[in-house]
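Results of the structural survey
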2 protein chains.
Amino acid sequence: MGTTQLESVPEPKYWHLRTVLSEALDSEFEVGEILPNERDLAARFGVARATLRQALEQLELEGRLQRRRGVGTTVAPPRVGVAVGTREHAWPGAADDAWQAADCHLAAPPAAVADVLETDRDEPVHTVRRSRVSHGQPVAAELLYVPPSSVPDLTAIDAPSGPARARAVLRELQRGDLERQESAVELGSAGADDAKELDRLPGAPVLVVTTRYLAEGRTAALSVATYRADTCRLTFGDFGDVEIHHGPETRAS
Amino acid sequence: MGTTQLESVPEPKYWHLRTVLSEALDSEFEVGEILPNERDLAARFGVARATLRQALEQLELEGRLQRRRGVGTTVAPPRVGVAVGTREHAWPGAADDAWQAADCHLAAPPAAVADVLETDRDEPVHTVRRSRVSHGQPVAAELLYVPPSSVPDLTAIDAPSGPARARAVLRELQRGDLERQESAVELGSAGADDAKELDRLPGAPVLVVTTRYLAEGRTAALSVATYRADTCRLTFGDFGDVEIHHGPETRAS
DNA sequence: GAGTGGTCTAGACCACTTG
DNA sequence: AAGTGGTCTAGACCACTCT
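Our subject in this report is the structure included herewith. Predicted model only: the values in this text are computed from it and were never measured.

1. Describing the protein's contact with DNA strand D
- The local shell around DNA strand D holds 27 residues, among which K13 and T51 of chain A together with N37, R49 and R53 of chain B are the closest.
- Here, DNA strand D places atoms within 4 Å of the protein, and 66% of those atoms are sugar or phosphate.
- In the model, a phosphate oxygen of DNA strand D is placed 2.9 Å from a nitrogen or oxygen of the E38 of chain B main chain.
- Measuring from a base oxygen of DNA strand D, one finds a backbone N or O atom of G70 of chain B at 3.2 Å.
- Looking at the surface near DNA strand D, the elements that each hand over two or more residues are α1 (13-28) and α3 (49-61) of chain A together with α2 (38-45), α3 (49-61), β1 (65-68) and β2 (72-75) of chain B.
- The biggest single contributor to the surface near DNA strand D is α3 of chain A, with four residues.
- Its residues assigned to classes, the surface near DNA strand D comprises nine nonpolar, seven polar and 11 charged.

Below you can see the structure in the form of structure tokens.
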């Protein structure tokens, strides 16, 4: 008698809300459109703001919504496909790659990285910081670890750090005939530094792509890249412009 | 002057808590060990339970903790590497694959799937449901869509559905000389059905792997698999037993 | 300064597992 | 029955972005 009708199955309110909102997004909203604010929405659905927020968080995780403090909640565009497994787009130093070298310095890497690179734990390696932009939005932040032995011809003349140095390291690495790469993808949360670079809050979900580049049977470099999980769909192979997944309801029968 | 000291940088409490707990997990806890319950932990740190829970949720997202209703919170083992991009483990119908065919029926797929398969939207396709188990734990649930044209020699004699039928479809698909596959990975949340199969609650974070199998230049089958994001690290290539990422703090310098 | 989302609280009740 | 994590509430205040 109050709003609509009681559920015999005690489905959580926030989950039901998520479904209702998801359908509303499909039928009644355009990409980029601004939703009513959280207090209004909560009142409209007769729930506490915390409950409404739980539903919005789900939808944001699924890439359906975008929320910005001080601004509002907008309908997100479909996720952009980001090529991760191809030589053209992802190999360090490729000509037309979408990466922008930001900085480089020589330092001892984390122990786990040194183990993979098979260097001594306190041996300094070139550490290149890059960021990747797609459609005008920052989508990834990367740290690339390059042992000096992988770039033997690197001249020590230039500035020891800075973007120019980063490009030089990448160029030399590219000359070393990279054979293949092995990648792993897992879920993580953005640290304070990554969050700032990705224009997100700390703790934002990211897809962590760890890639090992192999040359002549050994590990020539190691990359740890964090991609914005809300806006990115990582593609391996040429799975470029296909869009399939759109929430759990995809699998009707 | 109450507990410890005020932060000049207004770092959120839950984020600080996450860091403190993360370090405690590294130094003071063993894998599988049970943490104190949420009410005790919240009291110990002098925060509301909701705030404590926010920190625990982060850690669970990062694969550090495992929480089960009615039981408690335990320290999670390192994520298991799950091969996704190799012929041996991931191709449908491979001999030693880790998949277990659960069911199969003939039905019209979602419109987006039909578009990729280049079939008519109301043309029924074989829909195989499989689940993947690793180390005794369910890690993935998959729906595999196979157009009848990809399995021309499939006999219509056997039962039209059920595990046996599923295996028959996979076997015939395998005979069709799959050439290569293209995959995409994105973050999603488990629907009610997937959640149950993965032993999680609805809305649990999952890595959605969409794979297109190609044979003779056309799409022979399409797979949509949801992997538990908390326990899985997806590997492409032979990136098997390497473990690197361990929270945002990995990138010390 | 007004309006937005982000954080935090203190409490309640529910669903589930286990002894 | 007791103990756990999961859901929900009603309110407060903060950080941020706009105008």
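2. Comments concerning the packing of α2 of chain B against α3 of chain B
Residue and element names in this part refer to chain B.
- In contact at an axis separation of 9 Å, α2 and α3 are set at 105° when each is read in the N-to-C sense. Between α2 and α3, the angle falls in the class roughly perpendicular. Residues E38, R39, L41 and A42 of α2 pack against R49, L52, R53 and L56 of α3.
- Taken together, the residues of the contact of α2 with α3 break down into four nonpolar, no polar and four charged.

3. Topic: the relation of the copies chain A and chain B
- Take chain A, turn it by 180°, move it 0.0 Å along the axis, and it overlays chain B with an RMSD of 0.0 Å. Both copies are brought into coincidence by an operation consistent with a two-fold rotation axis.
- The share of interface residues of chain A whose copies in chain B are also at the interface is 100%, consistent with both copies meeting through the same surface.

4. Digging into the protein's contact with DNA strand C
- Residues in close proximity to DNA strand C total 27 residues, the closest being R49 and R53 of chain A together with K13, A48 and T51 of chain B.
- Counted by atom, the contact set of DNA strand C within 4 Å of the protein is 68% sugar and phosphate.
- Contact between DNA strand C and E38 of chain A: a phosphate oxygen at 2.9 Å from a main-chain N or O atom of the residue.
- In the environment of DNA strand C, a phosphate oxygen lies 3.0 Å from a nitrogen or oxygen atom belonging to the side chain of Y14 of chain B.

5. Points about the interface of chain A and chain B
- Opposite the 60 residues of chain A that make contact, chain B presents 61 residues.
- The junction of chain A with chain B conceals about 4,700 Å² of combined surface from both sides, 62% of it contributed by carbon and sulfur atoms.
- Taken together, chain A and chain B are joined by two salt bridges.
- Measuring nitrogen to oxygen at the nearest pair gives 2.7 Å for the salt bridge that ties E186 of chain B to R79 of chain A.
- For the pair chain A and chain B, the number of links is 14 residue pairs in polar contact (both at pLDDT 80 or more).
- Among the elements that line the side of chain A that touches chain B, the one with the most residues is strand β7 (residues 180-189) of chain A, at nine residues.

6. Some details on the sheet that holds strand β10 (residues 232-236) of chain B
- Here eight strands make up an open sheet; going across it, the order is β4(A)-β5(A)-β6(A)-β9(A)-β8(A)-β7(A)-β10(B)-β3(B) and the pairing mixed. Each having just a single partner strand, β4 (99-107) of chain A together with β3 (80-83) of chain B make up the two edges of the open sheet. Strand after strand, the sheet turns through a mean of 20° between neighbouring axes, direction not considered.
- The pairing of strand β5 (residues 125-134) of chain A with strand β6 (residues 137-146) of chain A spans nine bridges and is classified as antiparallel. Bridging across to β6 of chain A, S131 of chain A finds its partner in A141 of chain A.
- Lying on the sheet, helix α6 (residues 163-175) of chain A is in contact with β4, β5, β6 and β9 (218-228) of chain A; it crosses β4 of chain A at an angle near 95°.

7. A short note on α3 of chain B
Residue and element names in this part refer to chain B.
- For α3, spanning 13 residues, the distance from its first C-alpha to its last is 18 Å, which sits close to the expected 18 Å at 1.5 Å a residue.
- Those residues of α3 that fall on the buried side of the exposure criterion are L52, A55, L56, Q58, L59, E60 and L61.
- Positioned one or two residues after α3, G63 has a phi angle of 80°, which is positive.

Rules used in this analysis
Residues numbered from 1 in each chain as written. Chains lettered and ligands numbered in written order. Predicted model: local features only at pLDDT ≥ 70, side-chain atom pairs only at ≥ 80, totals over all residues. Heavy atoms only, no water. Near = heavy atom within 4 Å. Polar contact = N/O pair within 3.5 Å; in protein donor to acceptor, adjacent residues only side chain to side chain. Helix = DSSP H or I, 4+ residues; strand = E, 2+ residues; numbered from the N terminus. Nonpolar A, V, L, I, M, F, W, Y, C, P; charged D, E, K, R; others polar. Axes fitted to C-alpha atoms, helices over the stretch in contact; angles between N-to-C directions. Parallel < 35°, antiparallel > 145°, perpendicular 65-115°, else oblique. Contact = heavy atoms within 4.5 Å. Least-squares fit on C-alpha atoms with pLDDT ≥ 70 in both. Buried area = accessible area lost by both parts, 1.4 Å probe. Salt bridge = Lys/Arg side-chain N within 4 Å of Asp/Glu carboxyl O. Pairing = 2+ DSSP bridges. Expected span 1.5 Å × (residues − 1). Buried < 20%, exposed > 50% of the residue type's maximum accessible area, 1.4 Å probe, protein only.

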